Structures are given as C-alpha cells and as structure tokens.
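The chain contents come next:
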Amino acid sequence: MAKINTQYSHPSQDQLAVRIMDGDLDHIENGISRTLSLREETLSELQQGFAMETRRLAKSQRSSFSSQRPARVSRLIISLRAWAARHLHHEDQQPDSFLDHFQGAELKEVSSQESTAQSNLGSQEPPSREKSDKARKEEQEEKENQRKEHCPKQEQKKEAVVVDPSSNLYYHWLTIIALPVFYNWCMLVCRACFDELQSEHLMMWLVLDYLADVLYGLDVLVRARTGFLEQGLMVKDAERLWKHYMKTIHFKLDVLSLVPTDLAYLRLGMNYPEVRFNRLLKFARLFEFFDRTETRTNYPNVFRIGNLVLYILIIIHWNACIYFAISKFIGFGTDSWVYPNISNPEYGRLSRKYIYSLYWSTLTLTTIGETPAPVKDEEYLFVVIDFLVGVLIFATIVGNVGSMISNMNASRAEFQAKIDSIKQYMQFRKVTKDLETRVIRWFDYLWANRKTVDEKEVLKNLPDKLKAEIAINVHLDTLKKVRIFQDCEAGLLVELVLKLRPAVFSPGDYICKKGDIGREMYIIKEGKLAVVADDGVTQFVVLSDGSYFGEISILNIKGSKSGNRRTANIRSIGYSDLFCLSKDDLMEALTEYPEAKKALEEKGRQILMKDNLIDEDLAKAGSDPKDIEEKVEYLESSLDTLQTRFARLLAEYNATQMKVKQRLSQLESQVKTCGRSFQSDGEASGDATKIEDKQQ
C-alpha cells in the first residue's frame, strides 16, 4: 500500500495525494471483496458505507482541500482494517465439528492465545467498538458452553437402543411374540378346514390377524436391535447388528412371514385363511421361548412334560383338521371312513364336527382304539401315514416321560441306594437295633430337610470365582460372627469360607468331649447345643444359632495350659446343623497370610489371658519343639514330592532322548541309501559315456 501524504502545502500535491488515496481505496475494496466473498450481507453493508465515505470525499474535494479530509480517510482505512480483522477472527472461531469432541486444556490455551493476538491486532479500534466486540465474544462463549452442555445429551439420544438377549426385557418380549405365533399355529388350519368357524366370526379373526402382523413387524425391529457377543463384549453398533441379523436364516423366515399374502383376499374372497399360512414360518420364536423358560423355571421336569403334551396336542389338532378337509374333498357320508353327512342335524353342528375329527385323530395316532376301515386309495394312504406318525409319537412319549420320571427321582434313588447299603452293612456287622434306628432317623432327617446335597459335588463344575461368590453369599455372615475372624483380611475370609464343611448331628450326639484333641472348630447354623458335665446330664450353658467354639484349640497357641485339647463336653440337644473348619484347612489358608496368622494368634492369646488359661513363662520361652517337628515333617513331605517330580522329569527326558537318537539313526540310514543310489547312478552314467566314446 502506498503511503498517504499528509503534507498538502501545494495544490498539485494535494490532487496527487487524493488520486493515490482513491486508487488505494479501490485496492482495499477489491481485496476485501475477494477475501470475504462468503459473507455477502456484510459485504453489501461495507460497500454502502464505502460509497457514503467516497461521496463525502467527493463533496469535500469539490468544495476545498481542507486539512480534515486526509484525517477522515485515514480513519476510514483504520476502521476497514479493524473490521476485516474482526470478521476474519470470527470466521476462524466458527465451531469445528471434529475439534468439539476434544475439550482438553491445550485447545483452550491455543484459543486463548489466538484471541489475545487478535485483540492486539485490533487494539487501534475505538473504545465503543472494543466494547461491542467483547460483548459479542461473551455471547459466543455462552453459546458454545450451552452447546457443549447439550452435546452429551444429544449423543446419548443418538445411541442405538440395544436389547440384551440375556435380560428380562428380552424374555418378556419372547413371551409376547410367542402368543401370536401359537395363535397362528392353532387357528389358521382350523379356520381353513371348518368354513363356519371362519365365516361366523370374520371380524374377530381380521382384528386378531392384523394385530399378530403388527407384533411380527415389531419383532423384526427387536431382532435387528438384539445384541450379540463378540470377544466377550456386547456389540451395540446398529449397523453391525442389522448386518448380522440379515446374515441369519431368521431374517429370511421373518421376511417371508410378513409377505402380504392377504392381498389374495381381493381375488379369492375372505373365506380363504389358508393364504396366511406363511405366518407359520415364525415358529423359531416359539421354540426359543420354550427353551428359555425351561432354563429359568424352578421345575424343569414338570415343564418338559407339559411341553411334550402340548406338542402332541398340536399334532393331534392338525391331524383332525386334515381328516375333516379330506372328508370334505371326498364327500361327507360317501363311505364309512369319511365324516358322516352334514345334512343330519346331529353332525351338522360345528362343535360336533371338530370333536368327532379330534376323536378320530386321537384314536389313530395313539393306536389304542379301532377306527372305520378306509375304502379309497387316498384314505388308505392317509391312514398309513397316520399310523407311522402315531408310532413315532408313542415311542417319543414313552421315552421322554420315562427319562423325565427317572430324572425327577434321581436324587431319591441315589439317596435310597446309600440307605440300603448302610442297612446291609449294619445287618452284616450285627449292629444293635438302637444304633440302627438312630442311623435311619438321621437319614430321614436329612431327606425331610433337604440336606442330602453335597455342596462340593454340586458346585464342582463352576469356576473358582463363582464358587467363591456363592460361598460368600451363603457362609460369610456366619464366619464373621467368630471373634478372631472379625478383623481379618477379605482374602483370608474368602479362603476360609471355601473350606467350611456342613455337619449334621443327631439328638444326644457329642460334638466334642473334654480332653479330646481339637482338630476343628464349629459354628452353629441351626439347632441347640449344651455344655454338660462329665455325667452328660448336668447342663452348664446352652449354645444356640450363631455361637461357636473350638477356635482356640486349632490355633495351637504357645503357652496354653490346655494345649490343643478340648476343655468341655458339648452335646447336641436335638438335630443340629453346624459348620466345621478344620485345623489343616486353617493353617493352609494362613500360609499365604502371615500377618493375619500373627494377628489371630495374638487375639487367641488375649482371650486365654483374660480367662487365665495361659502360662506366661511357656509363652516367653523359645519355639516349641512340636512346631519344629511339624516343620521338619513338612519339609520331608515337600522333599518327597520334589523327588518324585524330578524322577518323572528324568524319565521323560530319557524317553525323549531315546526318540531323538532313533530319529537321527533313521535320518543317517536314509542319507546313506540316498548316497549309494547317487553313486550307482554316477557309475552307470560314467560307463555309458565310456561305451559311447569307444563306439565313436
């Protein structure tokens, strides 16, 4: 841009300066119009303002060359520069759809630096314009903040709704969609064969049919949004779900079941419901509902029997409808096999038609009654097919019902086998009748209270984590009632919970006697125990649910006056359910938690000191030789296991070494045979060349 000369002492210089200024203004106008071509409205305003200023300049030029004209032009140029910088800055600050996803501190710093730089460029503006620019910036910032606040909500709304196939919502939808499928399978064939049923209730059937079609259409949408697992994660992308659904056979069946074959009503009439037989292709949903209900119900055997009976009834229902349709095709009453003549009022009723057909179908398929003999060839063929189907149905009924009954009584049969074996043993060993009666009553109590289940056997197929969760849910509250375990680590409690074993005692049984070696502790789950004297009659105290005993003896605390022996007689008053934790299991769990072991021993020592059952001199003495013996025994057992492992590894090493040697010898023999063959070939070729040379 050329300089603007503000010195105008001579007229010629003034005219030259005005011309130069006019040219510069033209260049500015062209440049601004090129750079801001996208803003047509603002550009028109700029042109209007520029025209007004040029008119003023022209008037002032015609009047006189006063000293105020160059200053006015300079102010115009400065305002134009500020306007261009402001609008270019506004252009740069438009929201970016990509950068809006990232709201880090770096972008904020960059934007703040750019804003300060732009403000420095436009610092020559008048104060009023600066205030208006600040107000506009504040408004823009407020709008951006509002948009950022609303963006997460909009993104959440845009997320596709995905149905988890393992959720209760999906199962409830299966229950809903199973109803129209079952309706079509039962009523379509019946309406197609019995004309009165279709014609007398036409409006009801139309409403039910199209309501079922609506549910079929909704089921397509549900299938398209049903998630599936990929690498253990639920896929929630709507496009991928739709593609996955389109690749399955269910998509083809669903589309075929929704083909509008009802349009055939316009040509054939409303009394042909068989045009809707394509709706029967939705049968997969009904089977899926039955499978999921079987896994959810608490009575699976009863459900299987009911499901089997339902299948048989549907087959008999379809066979009855087909029998009536064949009779209608041949002619009612034309022979003894078909349905009687409907001109007779007794056989003309709709209920009699269906019941008679159902009776004939039941007799034929179950092969338990005599039916009229067929007369025509097509009748013979239909009866033969029915007999074959009936044989299969009878075999299915016998096989399935037999297996279901055996499954229902499997636990009872196993339990009865245990009782029988114990009875035989007691009879063989000539056990007293009193003891035999107590044993039988103990088994009866277990069966009556459903305590025959072996927890380890039932839970053996579950992974360790699920086993731990089940054990925590069942036994953790009981274990926390023991004083010495109340402040233990969660990991140790989980280990101990997995090692708790249930134990049931009969009335009068001794859980422990005074002087016995304590190898386990007990926690009372249900029942009452009595601490009795040596005579077994005098009761000192009664222990009830949640009580525990024997925890000190399994810790084997050094200095205890009683050692690891029991200090009282405990007897069961009635049937008692207890949890048992053995000393070996506790010590095995404590090997991984040495700090917890020290804390437990300290708590036990405090309890013994409180009851004055500890010898402080022995407690302060050196290590117990029994502990050293136990450690030596443990080391010996570990050494034995290591020796056996080493011997096994050595045997495996020798076996592999022998195999390698055999393979090497085989390779050497193969190489030798190959070398000999090459030598023989070479000698033969040399002899042939010699013979050729001699001939030449």
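As the structure is a computational prediction, the values presented were derived from the model and not from experiment.

**Focus on the confidence of the model for the protein chain**
Now for step 1: In this model, the protein chain carries an average pLDDT of 78, and 73% of its residues clear a pLDDT of 70 or more.
Now for step 2: Taken together, the stretch residues 90-131 has pLDDT below 50 and engages in 30 contacts with residues farther than four places along the chain or on a different chain.
Now for step 3: Between residues 152-157, whose pLDDT stays under 50, and residues either more than four places distant or in other chains, the model counts one contact.

**A look at the nonpolar core**
Now for step 1: Counting 30 residues, the largest nonpolar core has Phe485, Leu492, Leu496, Met521 and Leu600 as its most contacted members.
Now for step 2: For this core, the elements supplying multiple residues, two or more each, are helix H20 (464-480), helix H21 (490-499), strand S5 (520-526), strand S10 (576-582), helix H22 (583-590) and helix H23 (594-610).
Now for step 3: Discounting chain neighbours no more than four positions away, the residues touching Leu492 are Ala589, Leu590, Tyr593, Ala596 and Leu600.
Now for step 4: Counting 22 residues, the second largest nonpolar core, distinct from the first, contains Leu188, Cys193, Phe194 and Val383.

**Observations concerning the packing of helix H6 (residues 168-193) against helix H13 (residues 300-330)**
Now for step 1: One way to put it is that H6 packs onto H13 with a least axis distance of 9 Å and a crossing angle of 15°. The orientation of H6 with respect to H13, classified from their angle, is roughly parallel. Both H6 and H13 take part in a crossing whose hand is left-handed. Across from Phe182, Trp185, Cys186, Val189, Cys190, Ala192 and Cys193 in H6, the residues of H13 making contact are Leu310, Ile314, His317, Trp318, Cys321, Phe324, Ala325 and Lys328.
Now for step 2: When its residues are assigned to classes, the contact of H6 with H13 shows 13 nonpolar, one polar and one charged.

**Quick look at the pattern of salt bridges**
Now for step 1: Counted by the stated rule, this structure contains 23 salt bridges.
Now for step 2: A salt bridge links Lys328 to Asp195; the shortest N-O distance between them is 3.5 Å. Of this pair, Lys328 sits in helix H13 while Asp195 sits in helix H7 (residues 195-200); the two residues are 133 residues apart in sequence, bridging distant segments of the chain.
Now for step 3: What makes Lys328 partly exposed here is its relative accessible area of 33%.
Now for step 4: For Asp195, a relative accessible area of 42% gives the class partly exposed.
Now for step 5: Here Glu288 makes a salt bridge to Arg285, at a shortest N to O gap of 3.0 Å.

**A few points about unusual backbone geometry**
Now for step 1: In the Ramachandran plot, Gln231 falls in the positive-phi region, its phi being about 60° despite a non-glycine side chain.
Now for step 2: On the secondary structure map, Gln231 appears in the loop between strand S1 (229-230) and strand S2 (233-234).
Now for step 3: Its identity is not glycine, yet Lys430 carries a phi of approximately 60°, on the positive side.
Now for step 4: In this structure, Lys430 sits in the loop between helix H17 (410-429) and helix H18 (433-448).
Now for step 5: Classification of Lys430 as exposed rests on a relative accessible area of 74%.

**Quick word on the sheet that holds strand S8 (residues 548-549)**
Now for step 1: Ordered in space as S3-S10-S5-S8, the four strands form an open sheet in which the pairing is antiparallel. Each of the sheet's edge strands pairs with one partner strand only, and the pair in question is strand S3 (501-505) and S8.
Now for step 2: Across six bridges, S5 lies against S10 in antiparallel orientation. Residue pairing in the sheet places Glu526 in a bridge with Asp577 of S10.

**Description of the packing of helix H15 (residues 350-366) against helix H16 (residues 377-408)**
Now for step 1: At their nearest, the axes of H15 and H16 sit 7 Å apart, and the two run at 65° to each other. Contact with H15, carried on its side by Trp360, Thr364 and Leu365, involves Phe382, Val383, Asp386, Phe387, Val389, Gly390, Val391 and Ile393 of H16 and no other residues of that element.
Now for step 2: Among the residues forming the contact of H15 with H16, the class breakdown is eight nonpolar, two polar and one charged.

**Some remarks on H18**
Now for step 1: A rise of 1.5 Å per residue sets the reference length of H18, with its 16 residues, at 22 Å; its end C-alpha atoms lie 22 Å apart and thus fit the reference within 8%.
Now for step 2: Those residues of H18 that are buried are in contact with H17, S3 and S10.
Now for step 3: Of the residues trailing H18, Arg450 is marked for its positive phi of about 55°.

**A short note on a negative patch on the surface**
Now for step 1: On the surface, a cluster of negative charge is contributed by Glu629, Glu630, Glu633, Glu636 and Asp640.
Now for step 2: Relative to the assigned elements, Glu633 resides in helix H25 (residues 625-695).
Now for step 3: With relative accessibility at 52%, the residue Glu633 sits in the exposed group.

**Overview of the sheet that holds strand S7 (residues 539-543)**
Now for step 1: Read from one edge of the open sheet, four strands run S4-S9-S6-S7, paired in antiparallel fashion. Each of the sheet's edge strands pairs with one partner strand only, and the pair in question is strand S4 (510-512) and S7. Strand-to-strand twist of the sheet, defined as the mean angle between neighbouring strand axes without regard to direction, takes the value 30°.
Now for step 2: Bridge analysis of S4 against strand S9 (residues 569-572) gives two bridges, and the strand direction is antiparallel. Among the inter-strand pairings, Cys512 is bridged to a residue of S9, identified as Ile570.

**Let's talk about a nonpolar patch on the surface**
Now for step 1: On the surface, a cluster of nonpolar side chains totalling about 320 Å² of accessible area is made up of Ile315, Leu381, Ile385 and Val389.
Now for step 2: Of all the elements, H16 adds the most residues to the nonpolar patch, at three residues.
Now for step 3: Note on placement: Val389 falls in helix H16.
Now for step 4: For Val389, a relative accessible area of 30% translates into the label partly exposed.

The rules behind the values
- Residues numbered from 1 in each chain as written.
- Predicted model: local features only at pLDDT ≥ 70, side-chain atom pairs only at ≥ 80, totals over all residues.
- Heavy atoms only, no water.
- pLDDT = per-residue confidence, 0-100.
- Contact = heavy atoms within 4.5 Å.
- Core = buried A, V, L, I, M, F, W, Y, C linked by side-chain atoms within 4.5 Å.
- Buried < 20%, exposed > 50% of the residue type's maximum accessible area, 1.4 Å probe, protein only.
- Helix = DSSP H or I, 4+ residues; strand = E, 2+ residues; numbered from the N terminus.
- Axes fitted to C-alpha atoms, helices over the stretch in contact; angles between N-to-C directions.
- Parallel < 35°, antiparallel > 145°, perpendicular 65-115°, else oblique.
- Left-handed = near helix turned anticlockwise from the far one by under 90°.
- Nonpolar A, V, L, I, M, F, W, Y, C, P; charged D, E, K, R; others polar.
- Salt bridge = Lys/Arg side-chain N within 4 Å of Asp/Glu carboxyl O.
- Pairing = 2+ DSSP bridges.
- Expected span 1.5 Å × (residues − 1).
- Patch = residues over 30% accessible without salt bridge, like charges linked within 9 Å, V, L, I, M, F, W, Y side chains within 5 Å.
- Areas by Shrake-Rupley, 256 points an atom, 1.4 Å probe, with all protein chains shown as cover.
- Lys, Arg positive; Asp, Glu negative; His and termini not counted.
- Charge placed at Lys NZ, Arg CZ, Asp CG, Glu CD.

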